[in-house]
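Chain residues, written in single-letter form:
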Amino acid sequence: MKNINSSKKELSPEQGEELLRALKARFEKNMSRHKGLEWAKVQAKLEANAEKLWSLNEMERTGGEPDVVGSDKKTGEYIFYDCSAESPNGRRSVCYDRKALESRKEHKPKNSAVDMAAVIGIELLSEEQYRELQKLGNFDTKTSSWIKTPSDIRELGGALFADYRYGNVFVYHNGAESYYAARAFRGSLKV
């Protein structure tokens, strides 16, 4: 994909069309993820919101393979999650948040999950959302993903991550400053 002017958070018409084609193809290939939803309505929402389209492009560009997983009945917004089989490759080897990044004295990762999500304009999946994602398929069978960590755990220096092994979702803890080549984060976006 072409470079994007991240300060503007807008795609060129060509980039927008390319992204919409990719999202439509994924939507049609994985209808079980969004039963009862129509692509034309999703596309209309996307076309009306350039900044959210930019965020979805960033999710795509970093390997997240975003797809619609439902809709918010109260707001009418469509909910996208990163649906790549393994944790998004372009977001791996990051610690949990800025505080964890700053606490490392040496061998610092290049970024943190919370900071990257903020730049992209998405939220880390919560434990509940991660478990909902796993009902749509088997994700993170060889990798793991940081998930939103409750403040009481984070205040003690920890952070949560999850994966899928042995037919089950496992939620674990690590020091928030840790990072691994096989751990990234998955995000959600409402449009």
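Our subject in this report is the structure included herewith.

Rules behind the numbers
Residues numbered from 1 in each chain as written. Predicted model: local features only at pLDDT ≥ 70, side-chain atom pairs only at ≥ 80, totals over all residues. Heavy atoms only, no water. Helix = DSSP H or I, 4+ residues; strand = E, 2+ residues; numbered from the N terminus. Contact = heavy atoms within 4.5 Å. Patch = residues over 30% accessible without salt bridge, like charges linked within 9 Å, V, L, I, M, F, W, Y side chains within 5 Å. Areas by Shrake-Rupley, 256 points an atom, 1.4 Å probe, with all protein chains shown as cover. Salt bridge = Lys/Arg side-chain N within 4 Å of Asp/Glu carboxyl O. Buried < 20%, exposed > 50% of the residue type's maximum accessible area, 1.4 Å probe, protein only. Arc of directions from axis to C-beta. Pairing = 2+ DSSP bridges. Axes fitted to C-alpha atoms, helices over the stretch in contact; angles between N-to-C directions. Parallel < 35°, antiparallel > 145°, perpendicular 65-115°, else oblique. Left-handed = near helix turned anticlockwise from the far one by under 90°. Nonpolar A, V, L, I, M, F, W, Y, C, P; charged D, E, K, R; others polar.

### Overview of the environment of Gly90
1) Next: The topology assignment puts Gly90 in the loop between strand 2 (78-82) and helix 4 (98-103).
2) Next: With 46 residues separating them in the primary sequence, Gly90 and Ala44 have C-alpha atoms 28 Å apart.
3) Next: When residues no more than four places from it in sequence are discounted, the contact partners of Gly90 are Thr62 and Met116.

### Thoughts on a nonpolar patch on the surface
1) Next: Taken together, the side chains of Tyr166, Phe170 and Tyr172 make up a nonpolar region of the molecular surface, amounting to roughly 360 Å² of accessible area.
2) Next: Take Tyr166: it is sitting in the loop between strand 5 (158-165) and strand 6 (168-175).
3) Next: Of the residues examined, Tyr166 reaches a relative accessible area of 78% and is grouped as exposed.

### Side note on helix 2 (residues 39-47)
1) Next: All of the buried residues along helix 2 are Trp39, Val42 and Leu46. Summarising the axial view, the buried residues of helix 2 lie within an arc of 65°, below the 170-degree limit, and thus occupy one face. Facing away from the buried side of helix 2, by more than 90 degrees, are the exposed residues Ala40 and Glu47.
2) Next: Along its buried surface, helix 2 packs onto helix 1 (13-29), helix 3 (50-61), strand 1 (66-71) and strand 2.

### Points about the sheet that holds strand 7 (residues 183-185)
1) Next: What the four strands build is an open sheet, ordered 6-5-4-7; its pairing is mixed. Looking at which strands have only one partner, the edges of the open sheet turn out to be strand 6 and strand 7. Direction aside, neighbouring strands of the sheet carry axes that sit 35° apart on average.
2) Next: Relative to strand 6, strand 5 runs antiparallel, the two being bridged by eight bridges. Paired with Phe161 across the two strands is Tyr172, which belongs to strand 6.
3) Next: Helix 6 (residues 127-134) rests against strand 4 (144-147), strand 5 and strand 6 of the sheet, and its axis sits at about 145° to strand 6.

### Here we look at the sheet that holds strand 1
1) Next: Pairing is antiparallel across the open sheet formed by four strands, whose spatial order is 1-2-8-3. Single-partner strands in this sheet number two, and they are strand 1 and strand 3 (123-124).
2) Next: Pairing geometry for strand 2 and strand 8 (residues 187-190), over three bridges, is antiparallel. Paired with Tyr81 across the two strands is Ser188, which belongs to strand 8.

### Some words on the packing of helix 1 against helix 3
Describing two packed helices takes the angle between their axes plus the distance from one axis to the other.
1) Next: Contact pair helix 1 / helix 3: the axes reach a minimum separation of 10 Å and the direction vectors enclose 65°. The angle between the axes of helix 1 and helix 3 places the two elements in the roughly perpendicular class. Once helix 1 is placed against helix 3, the crossing between them reads as left-handed. Note on element contacts: helix 3 touches helix 1 through Leu53, Leu56, Asn57 and Glu60, opposite Gly16, Leu19, Leu20, Ala22, Leu23 and Arg26.
2) Next: Considering only residue class, the contact of helix 1 with helix 3 consists of six nonpolar, two polar and two charged.

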